[in-house]
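# Fold and contact review
Each chain, letter by letter, is given below.
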Amino acid sequence: MKLKERLGAYGDVLTKESLKKHTTFKIGGNCRYFVYPKNELCLTQIMKIIQVEGLPYKVFGKGSNILCSDDDFPGIVICLDRYFTDFYFETDGTCVVQSGTSIILLAHEAMKRSFSGLEFASGIPGTVGGAVFMNAGAYKSDMSQIIQEVFVYRNGICEWINVQDLDFSYRHSVFQQHADWIVLGMRCQLIPGDQKEILDLMDSRRQRRMASQPLDRPCAGSMFRNPTQAQAWELIEKIGFRGKSIGGAKVSEKHANFIINDKNATAEDIMTLVTMIQKEVKEQFD
C-alpha cells in the first residue's frame, strides 16, 4: 500500500503542500505530506508509520509562531487545528481542551461563561498547543499561571504531565527540549468573574493591539524575547533598525519587535535581518 493511502486511513492528507498556506509569515517550501489526524488514536498510528518509515516530521497548529525554510521538507507535517478542537468547561472553572483549539476562541468561550484568567490570550493568534509549547503570554500573564496538567504523546503513549514537571519560565517550557513530544491538550483552572468586566478588558486590549501592532501584514508576532533589563523593541529602535529592510523582510515601522513579510520575503531574508539585529544589539548593548 502506498504511504499516502496508509496515512489517509487515519487523517486528511495533502501532498506537496506549500507551507506558505499554513504559516502567518506566508513563507516556506513544500512538504511531502501535510496530514490532519482525526483523533488521538489515529495520531498514534500515524506516528508508528512515521517511525517505521524513518521519516522526519513536524507538528503544526495555526503556524503563527513558525518560520519555515525556503527548501522543501521531505517528511510529514502533522497539523492539529482541524480535528483536535474540543473543549469542556466545568462549573468550578476547570477547563479541559484539545491542543488544536484556537486560544482566542477559548478565551471568548471562557468569557461567555463568566470565567476569568484567559483575557491575556484573547489576542494571541495560535492554538492551545502552541501556547503551551511557548508558555505564551501578554500583559504580565502567561499560560503557566492557569495550567494544571498537559496531555502529551511521548514514548508511544498518551499521558498527563503535572504543571510542576513542565519547567515553565518566560516563553519557555520543557517541550522545547523534547521535539519528539506532542502536546495533545491541557487542563487549566479559571476563576469566576464579571462577564462585562472580562469583555471590556478584552475589547480594550484588542483596540490597543490594533493601534500598535502591524496585524494586517504577514508576520509571526513579536520576534524577539525581551532581555531582562530592557524591551526588545526599544533596543531595535536605538540601533536604528525601525523600517530596516533586507530583501522582502522588513522591521515594522509600527512596532519594531515585529518583522513583516513586506514583499514576498524568503526565510533567508528573515533570518538575515534577525541575525543583523542580534549582532548590532550585542555590540551596542551587550
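Relevant structure appears above.
Worth saying up front: this structure is predicted, and the values here are computed from it rather than measured. (Residues numbered from 1 in each chain as written. Predicted model: local features only at pLDDT ≥ 70, side-chain atom pairs only at ≥ 80, totals over all residues. Heavy atoms only, no water.)

Attention shifts here to the nonpolar core. Nonpolar side chains in soluble globular proteins tend to be buried together. Core analysis: the largest hydrophobic core is formed by 34 residues, its most contacted members being Leu118, Val132, Met143 and Met186. Taken together, the elements giving at least two residues each to this core come down to strand S6 (94-98), helix H3 (103-112), helix H4 (128-134), strand S10 (147-154), strand S12 (182-189) and helix H5 (195-212). Here this core gets 5 residues from one element, more than from any other, and that element is H3. Counting residues in each nonpolar core, the second largest holds 24 residues, with Ile27, Cys219, Ala267 and Val281 among its members. (Core = buried A, V, L, I, M, F, W, Y, C linked by side-chain atoms within 4.5 Å. Buried < 20%, exposed > 50% of the residue type's maximum accessible area, 1.4 Å probe, protein only. Helix = DSSP H or I, 4+ residues; strand = E, 2+ residues; numbered from the N terminus.)

Strand order in the open sheet formed by 5 strands is S5-S6-S12-S10-S11, with antiparallel pairing between adjacent strands. Across the chains shown, the open sheet's two edge strands, defined by having one partner strand only, are strand S5 (87-89) and strand S11 (157-162). On average, each strand axis in the sheet is tilted by 15 degrees relative to the strand beside it, whichever way the strands run. In this structure, S6 lies alongside S12, joined through 5 bridges in antiparallel fashion. Paired with Thr94 across the two strands is Gln189, which belongs to S12. With respect to the sheet, H3 is in contact with S5, S6 and S12, its orientation differing from that of S5 by roughly 25 degrees. (Pairing = 2+ DSSP bridges. Axes fitted to C-alpha atoms, helices over the stretch in contact; angles between N-to-C directions. Contact = heavy atoms within 4.5 Å.)

Enumeration over the complete set of coordinates arrives at 6 aromatic pairs. Here Phe89 and Phe115 contribute two aromatic rings whose centre-to-centre distance is 6.2 Å and whose plane-to-plane angle is 15 degrees, an arrangement assigned as stacked. With Phe89 in strand S5 and Phe115 in strand S7 (residues 115-116), the pair connects residues that are 26 residues apart, well separated along the chain. Phe89 gets classed as buried once you look at its relative accessible area, which sits at 19%. Geometrically, the ring pair formed by Phe175 and Trp181 is edge-to-face, given 6.1 Å between the ring centres and 75 degrees between the ring planes. Classification of Trp181 by relative accessible area gives buried; the value is 15%. Within the aromatic cluster, the residues linked to one another by ring pairs are Phe34, Tyr36 and Phe60. (Phe/Tyr/Trp six-rings, centres within 6.5 Å; stacked < 30°, edge-to-face > 60°.)

Taken in spatial order, the 4 strands line up as S14-S17-S16-S15 in an open sheet, and their pairing is antiparallel. The open sheet has two edge strands, strand S14 (219-222) and strand S15 (245-246), and neither has a second partner. Here 2 bridges tie S15 to strand S16 (residues 249-251), and the two strands are oriented antiparallel to one another. Within S16, the position partnered with Ser245 by the bridge is Lys250.

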